[in-house]
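A closer look at the structure
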Amino acid sequence: MRRRENEFRNKFFLLVIFISLFPLSTLARPFVLVLSKEDLEDDTSSSSSSTIDDQDLSSTEWDEFGESDNKTEDELDPGSWRPIFEPNLSSSSSSSSSITTSNNNTNPEESRYYSGIRKMIHSVSSGDTGLMDEAASEIEASAMEGYAHAQSALGFLYGSGQLKEKNVAKAFLYHHFASEGGNVQSKMAIAYTYFRQSMHEKAVKLYAELAEVAVSSFLISRDPVIEPVRIHSGTEENKEGLRKSRGEDDDDFQITEYQAQKGNAGAMYKIGIFYYFGLRGVRRDHTKALLWFLKAVEKGEPRSMELLGEIYARGAGVERNFTKAFEWLTLASKQQHFSAYNGMGYLYVKGYGVEKKNYTKAKEYFEKAAENEEAGGHYNLGVLYLKGIGVKKDVRTACKYFITAANAGQPKAFFQLAKMFHTGIGLKKNLGMATAIYKLVAERGPWSSLSRWALESYLKGEVGKAFILYSRMAELGYEIAQSNAAWILDKYGERSMCMGESGFCTDTERHQRAHSLWWHASEQGNEHASLLIGDAYYYGRGTERDYDRAAEAYLHARSQSNAQAMFNLGYMHEHGEGVPFDLHLAKRYYDQALENEPAAKLPVTLALMSLWLRTNYADSFWID
């Protein structure tokens with residue numbers, strides 16, 4: 001490991017953020033951060049030989065298994081709509097899924113709030129505008145009584161213009177009150193508002209708090225990043241992506257489950273993984289995961305041993321037992337499952353399930369994991385050096401380990417790097433970069449459940465319900481939700497159940513709302529959205545025709561190597577629409593379009609023929 005540490009010195013560092021700031025697809029660009037050694041701050045005060053106090057070891061930044069708080073998603077995201085969409089898993093007293101308010105609620109404003117949310121969700125499923133009126137009235141009444149979560153919902157109604165005149169100022173005001181009252185989703189909405197306006201000093205503070213909540217909800221050090229599903233591929237439905245997201249209704253899942261029931265150990269492990277992490281559209285269920293892992297181990301499947309160790313260490317679906325956790329992790333490590341070393345190192349740092357704390361052994365285990373390309377090992381070593389746990393405190397070395405872990409997709413490593421950019425410790429202070437990275441971590445918090453519920457609704461054909469959920473998520477700053485909501489409006493029209501200021505959206509309201517959603521998505525790097533915004537201004541769809549703004553949007557899409565945008569810019573230069581008349585520049589754009597998209601050969605060839613005629617027969621009576 002000493003040689004590996006030395007290799008970091010005097011080099012440039014390339015950090016390609018695996019968890020893209022813009023969800024991975026052909027429509028959005030990954031975020032690439034290049035760091036040089038000048039970006040690595042020397043902080044002599046942070047390189048002291050002092051070790052960290054035991055009290056600091058209990059912070060959420062260190063506890064890989066969430067041991068410090070172990071809060072439920074309801075506690076981390078109070079006032080969420082989970083009691084409506086996951087009534088059996090929610091601990092809320094408002095967990096009745098019927099429209100009628102549960103008599104068990106002791107807080108009348110909470111009862112009124114959830115009654116209003118249920119009616120709102122039901123109205124967009126049934127098309128009952130009267131029910132939507134009742135919903136808005138109940139939410140507003142609860143909000144006027146100072147109930148923070150109702151204020152958040154009212155901010156959503158004003159912000160999106162649903163049965164309320166769209167009023168951005170009122171929306172912000174209600175979100176502010178809701179955030180002050182403890183509603184985390186309103187804090188997300190406010191942070192995104194500041195983010196859009198490049199008010200980094202305000203945005204970074206909020207996103208830092210949100211990212212810390214998100215980190216505390218992560219399962220384990222190698223918790224996979226589950227990106228929200230883009231329901232379209234630009235112009236068409238993303239059939240392949242949707243097929244893989246049907247959860248327990250998916251044919252592949254059912255075949256695997258059948259094989260597991262017949263005694264196939266590999267299938268048992270795979271089903272356990274689906275339930276443990278919530279993959280392929282399957283909802284997380286730690287109890288089911290535990291049962292399948294135990295069955296797999298009985299059949300001789302060694303990969304389940306590590307997960308059993310993590311389950312017992314976390315107390316996920318079973319009573320917490322660190323002794324059993326250490327036993328399972330030890331068995332897994334003997335089977336060459338190197339990520340198990342991370343769990344063993346953690347137990348030695350905390351002194352759980354072992355004789356006593358032993359930082360030397362912990363470091364050895366983390367190094368074994370890192371030597372075998374386990375991202376968690378690099379991250380954990382970074383924590384040791386960041387806090388001086390059993391080693392000389394060295395922020396620069398910690399930063400390098402975090403960079404390596406982030407390149408391998410370790411979510412918590414992004415949080416640490418964001419803090420370094422935020423504080424200027426380890427990395428040069430950069431509030432813009434800190435805000436952006438905090439944002440991508442925050443978007444992995446428990447409120448991202450909105451995306452799962454929206455996708456489940458869409459797959460069931462409940463388009464209106466999917467639209468309102470994506471709209472709520474869009475308000476929180478999720479590009480993929482902005483894109484999905486806009487696409488539903490364009491694709492389904494009246495069937496989107498879009499609610500306007502009074503009843504269902506008019507055609508104008510739908511166009512304006514889609515335009516706004518696409519605009520927000522384009523700001524976050526969605527090239528298809530930029531292209532559609534350009535088309536909207538060029539043709540006057542949902543807005544006034546404006547060639548200048550159309551060209552601006554096409555340039556934004558072109559900067560992302562979009563061939564259609566290049567072709568459109570060529571056409572506009574050829575005709576002097578919104579940009580200077582310039583046939584040479586038009587040809588350059590046409591050539592670039594063909595270079596980036598060979599399938600565009602026919603339209604580009606025709607366009608080049610038009611240019612040739614204009615250049616050589618400009619004075620001819622049949623050339624416009």
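Residues numbered from 1 in each chain as written. Predicted model: local features only at pLDDT ≥ 70, side-chain atom pairs only at ≥ 80, totals over all residues. Heavy atoms only, no water.

As a further point, take the overall build of the protein chain. Assigned secondary structure in the protein chain consists of 30 helices and two strands. Within the protein chain, the proportion of its 624 residues that are buried is 55%. (Helix = DSSP H or I, 4+ residues; strand = E, 2+ residues; numbered from the N terminus. Buried < 20%, exposed > 50% of the residue type's maximum accessible area, 1.4 Å probe, protein only.)

Before going further, it helps to examine unusual backbone geometry. Here the phi dihedral of Arg280 falls at roughly 55°; this positive angle occurs in a residue that is not glycine. Tracing the sequence through the fold places Arg280 in the loop between helix H12 (265–277) and helix H13 (286–298). Judged by its relative accessible area of 34%, Arg280 falls in the partly exposed class.

A few words on the confidence of the model for the protein chain. Chain-level pLDDT for the protein chain is 84 on average; 83% of the residues reach the 70-or-more range. The low-confidence segment residues 1–29, where pLDDT is below 50, has 92 contacts with residues more than four positions distant or belonging to other chains. Of the regions scoring below 50 in pLDDT, residues 91–105 engages in 34 contacts with residues more than four places distant in sequence or in other chains. (pLDDT = per-residue confidence, 0-100. Contact = heavy atoms within 4.5 Å.)

Right, let's get into H13. With 13 residues, H13 should cover 18 Å at 1.5 Å per step; its first-to-last C-alpha distance of 18 Å lies within 8% of that length. Those residues of H13 not exposed but buried are Ala289, Leu290, Trp292, Phe293, Ala296 and Val297. On the buried face of H13, the contacting elements are helix H11 (251–261), H12, helix H14 (303–314) and helix H15 (322–334). One or two positions beyond H13, positive phi appears at Gly300, with a value near 90°. (Expected span 1.5 Å × (residues − 1).)

Another aspect to go through is the packing of aromatic side chains. If you walk through the whole model with that rule in mind, you get 26 aromatic pairs. Between Tyr341 and Tyr365, the aromatic rings sit 5.7 Å apart at their centres with planes inclined by 15°, giving stacked as the arrangement. Taken together, the residues span a long stretch of sequence, with Tyr341 in helix H16 (residues 340–350) and Tyr365 in helix H17 (residues 359–371) at a distance of 24 residues. Classification of Tyr365 as buried rests on a relative accessible area of 17%. (Phe/Tyr/Trp six-rings, centres within 6.5 Å; stacked < 30°, edge-to-face > 60°.)

Okay, helix H20 (residues 411–423) next. Between its terminal C-alpha atoms H20 stretches 19 Å, which fits the 18 Å expected from 13 residues at 1.5 Å a residue. Summarising burial for H20: ten of the 13 residues are buried, a large majority. Among the residues making up H20, those that are buried are Pro411, Lys412, Ala413, Phe414, Phe415, Gln416, Leu417, Ala418, Met420 and Phe421. Phi for Gly424, located one or two positions after H20, is positive at around 80°.

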